[in-house]
There are 2 protein chains.
Amino acid sequence: MENERYESAIRLLALLAHPARLRILDILRRGEACVCHLQAALEVPQPYVSQQLRVLREAGLISQRREGLFIYYRLADERVAHLLAEVLGPATVEAPIPHCACPRCQETHLSQSFCLVEVN
Amino acid sequence: MENERYESAIRLLALLAHPARLRILDILRRGEACVCHLQAALEVPQPYVSQQLRVLREAGLISQRREGLFIYYRLADERVAHLLAEVLGPATVEAPIPHCACPRCQETHLSQSFCLVEVN
DNA sequence: ATACTGTATGCAACTCATTGCATATAGCGA
DNA sequence: TCGCTATATGCAATGAGTTGCATACAGTAT
């Protein structure tokens, strides 16, 4: 079928055309993030985040990696980064997220503090 | 609001994530086309085509031009061509459309016949 | 005027994704 | 083993877009 090209494109576009999923992908294009991180950024219930992550995962757009209790997600489809750049512009620097408890965020907060100290 | 960027992107993506609209835009990126032309290509009722054209028009993605009874539509937003190239690949040559009655199609059919004659 | 053709509009019915929430699972530490 | 935290799943209710169809409008020609 020739119109498989259309169907495939539509599946991809429809996945991006969603507030929560678009924000998730926008965060992930800056690098890995755990669920609690995404939850803190979106300010929505955790099951809701997991639900959208499942949709994106089953579509092959993201992949996951477990590290203890935490599961880190990342982009798995390079088309996504291109599309995001097209519709959102280049990736922006991560805005500070109100209290995310994951170890990675703790590190970031620490290193940021250190940076400030060093510069001063 | 910062998330106006997201909303605007979502509106655009959602407009493309639709079988009829995506095909219409894919045809229009090859150049102008009248409604009867699109109708013949999609093989759907004419009111259905006009309806989707209205959606695209009100979103500013396409513009129109009247010529007698015929109304020719064309892309009006250059982001669309970029996005289509991203998700569909480069524009393909127009496949022959089963009997479209508009003058432009008649011309095309004629010139194609002439071409064949010349080559032979 | 009238008839005809190309295109647009309005609206109801239906479909399907979205969302909320209760609950289940997985790993870790005591 | 038990409790705790991070994450996942299932399912029902809601809601928004899609689709079909009857009809209206706009040019053109006779």
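Quantities reported herein were computed from a predicted structural model and do not represent experimental measurements.

Participant: Lay out the side chain of Gln52 of chain A with the relevant residues and their values.
Facilitator: All names here are of chain A. Among the structural elements, Gln52 can be located in helix 4 (residues 46–58). The exposure class assigned to Gln52 is buried, which follows from its relative accessible area of 9%. Setting aside residues no more than four positions away along its own chain, Gln52 makes contact with His18, Ala20, Arg21 and Ile24.

Participant: Break down the protein's contact with DNA strand C for me, with residues and values.
Facilitator: Surrounding DNA strand C, one finds 22 residues, the nearest of these being Arg21 and Tyr48 of chain A together with Cys36, Gln46 and Tyr73 of chain B. Arg21 of chain A has a polar side-chain atom sitting 2.8 Å from a phosphate oxygen of DNA strand C. Between a base oxygen of DNA strand C and a side-chain N or O atom of Gln51 of chain A, the distance comes to 3.0 Å. Elements supplying a minimum of two residues to the surface near DNA strand C: helix 4 of chain A together with helix 3 (35–42), helix 4 (46–58) and strand 3 (70–75) of chain B. Tallied by class, the residues present in the surface near DNA strand C amount to 11 nonpolar, 7 polar and 4 charged.

Participant: Residue-level account of the packing of helix 2 (residues 19–28) of chain B against helix 3 of chain B, with values.
Facilitator: Between two packed helices, what matters for the description is the angle formed by their axes and the separation of those axes. Residues and elements named next belong to chain B. The geometry of helix 2 relative to helix 3 is characterised by a closest axis approach of 11 Å and an angle of 125° between their N-to-C directions. Classified by the angle their axes make, helix 2 and helix 3 are oblique. Like other packed secondary-structure pairs, helix 2 and helix 3 cross with a definite hand, here right-handed. For the pair formed by helix 2 and helix 3, the contact residues are Ala20, Arg23, Ile24, Ile27 and Leu28 on the first element and His37, Leu38, Ala41 and Leu42 on the second. Residue classes in the contact of helix 2 with helix 3 are distributed as 7 nonpolar, 1 polar and 1 charged.

Participant: Describe the protein's contact with DNA strand D, listing the residues and the values that go with them.
Facilitator: Taken together, 22 residues lie near DNA strand D, and Cys36, Gln46, Ser50 and Tyr73 of chain A together with Tyr48 of chain B sit nearest. Of all atoms in DNA strand D that approach within 4 Å of the protein, 64% are sugar or phosphate atoms. Within the side chain of Gln46 of chain A, one N or O atom sits 2.8 Å away from a base nitrogen of DNA strand D. Secondary structure elements with two or more residues in the surface near DNA strand D: helix 3 (35–42), helix 4 and strand 3 (70–75) of chain A together with helix 4 of chain B. Here the surface near DNA strand D gets 6 residues from one element, more than from any other, and that element is helix 4 of chain A. Grouping the amino acids of the surface near DNA strand D by side-chain chemistry returns 11 nonpolar, 7 polar and 4 charged.

Here is what the cut-offs are and how they apply
- Residues numbered from 1 in each chain as written.
- Chains lettered and ligands numbered in written order.
- Predicted model: local features only at pLDDT ≥ 70, side-chain atom pairs only at ≥ 80, totals over all residues.
- Heavy atoms only, no water.
- Helix = DSSP H or I, 4+ residues; strand = E, 2+ residues; numbered from the N terminus.
- Buried < 20%, exposed > 50% of the residue type's maximum accessible area, 1.4 Å probe, protein only.
- Contact = heavy atoms within 4.5 Å.
- Near = heavy atom within 4 Å.
- Polar contact = N/O pair within 3.5 Å; in protein donor to acceptor, adjacent residues only side chain to side chain.
- Nonpolar A, V, L, I, M, F, W, Y, C, P; charged D, E, K, R; others polar.
- Axes fitted to C-alpha atoms, helices over the stretch in contact; angles between N-to-C directions.
- Parallel < 35°, antiparallel > 145°, perpendicular 65-115°, else oblique.
- Left-handed = near helix turned anticlockwise from the far one by under 90°.

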